[in-house]
Amino acid sequence: MSVIDDVKSRLDIVEVVSGYVPELKKAGRTWKARCPFHSERTPSFAVDPERQTWHCFGSCSTGGDVIEFVRKVENLDFREALQRLAERAGVELRAPSPREREEREQHERLLAANEAAAVFWQAALAGAEGGEARAYAERRGLDDATVRAWQLGFAPDGWRSLTDHLVARGFSEDDLIEAGLAIKGDRGVYDRFRYRLIFPTRDGRRRLIGFGARAMRPGDEPKYLNTPQTPLFDKSGNLYGLDRAGDA
Ligand SMILES: [Zn+2]
């Protein structure tokens, strides 16, 4: 039995969901309540104790098992939801392998580098060198409130403005390259985004996973430049070594 099945077999989905949805009531074979994931007046959220699944037949029209429920309701990733339920079920998860730990640590470093880059670019947009970028944003209908809400920034024109700034703050050039912030060329490492308006991209958990960058000068190509595929952009579900979580 995989650790996932082991955890699930020790828990009752009705009991777990009831902890989050106290109004869950038995209605024939299933249990029903108003959906915790969308606003509604009449219950379209159902839990099936036989199959140990839940489903929203309303506007979510989605469902899953107990892990998916906790993942969604607590806004966790799969591994974190599994961890939480394993604790509840009294199942010990295998400790992460050295490779998984290294991957996790790298993700933390890359997210930190992205956050630091966003702060640097925001300051550049607000500062003396950001005058043209502010005027450009304004011409494109991006008012101050939008600029703040989206945490827009300005990547200055230098080859190593950001790279030097972040290296001075303890980030390695390798991490900047891995995060897609810098590029390794024949003559060394340089900023990927130069003289561009920067749009941060966050995932569903508000983690800063990348950037979009708009050229501001006519003739600068490409017009839109995005963070390339990076370890943070791995959307295959293998994040944090989940593909191996069932091996324990
Ligand atoms: Zn729903």
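A brief report on the enclosed structure follows. (Residues numbered from 1 in each chain as written. Predicted model: local features only at pLDDT ≥ 70, side-chain atom pairs only at ≥ 80, totals over all residues. Heavy atoms only, no water.)

As a further point, take helix α2 (residues 13-20). When α2 is considered as a whole, its buried residues turn out to be Ile 13, Val 14, Val 16 and Val 17. End-on, the buried residues of α2 take up no more than an arc of 165°, which puts them together on one face. In α2, the exposed positions that point more than 90 degrees away from the buried face belong to Glu 15 and Gly 19. In this structure, the buried side of α2 is in contact with β2 (30-33), β3 (45-48), β4 (53-56), α3 (66-74) and α4 (78-89). (Buried < 20%, exposed > 50% of the residue type's maximum accessible area, 1.4 Å probe, protein only. Helix = DSSP H or I, 4+ residues; strand = E, 2+ residues; numbered from the N terminus. Arc of directions from axis to C-beta. Contact = heavy atoms within 4.5 Å.)

What follows covers the sheet that holds β4. Here 5 strands make up an open sheet; going across it, the order is β1-β2-β3-β4-β5 and the pairing antiparallel. The open sheet has two edge strands, β1 (25-27) and β5 (62-64), and neither has a second partner. Here the average twist between neighbouring strands, direction ignored, is 25°. In this structure, β1 lies alongside β2, joined through 3 bridges in antiparallel fashion. Bridge pairing in β2 links Lys 26 to Trp 31. α2 rests against β2, β3 and β4 of the sheet, and its axis sits at about 150° to β3. Packing of α3 onto the sheet brings it into contact with β3, β4 and β5, and relative to β5 it is tilted by some 125°. (Pairing = 2+ DSSP bridges. Axes fitted to C-alpha atoms, helices over the stretch in contact; angles between N-to-C directions.)

Taken together, the 4 strands give an open sheet; going across it, the order is β6-β9-β10-β11, and neighbouring strands pair in antiparallel fashion. Looking at strand neighbours, the two that pair on one side only are β6 (153-155) and β11 (224-226), the edges of this open sheet. Direction aside, neighbouring strands of the sheet carry axes that sit 35° apart on average. Relative to β11, strand β10 (residues 208-215) is paired through 3 bridges, and the arrangement is antiparallel. Residue pairing in the sheet places Ala 213 in a bridge with Leu 225 of β11. Most of the contacts of helix α5 (residues 98-126) go to β10, to which it runs at about 35°, and overall it touches β6, β9 (196-202) and β10.

In this section: helix α6 (residues 131-139). For α6, every residue scored as buried is listed here: Ala 133, Tyr 136 and Ala 137. Take α6 and look down its axis: the buried residues cluster within an arc of 100°, on one side only. Residues of α6 that are exposed and point more than 90 degrees away from the buried face comprise Glu 132, Glu 138 and Arg 139. Next to the buried residues of α6 lie α5, β6, β9 and β10. Within two residues after α6, Gly 141 carries a phi angle of roughly 80°, on the positive side.

The values reported here are purely geometric and, on their own, carry no functional implication.
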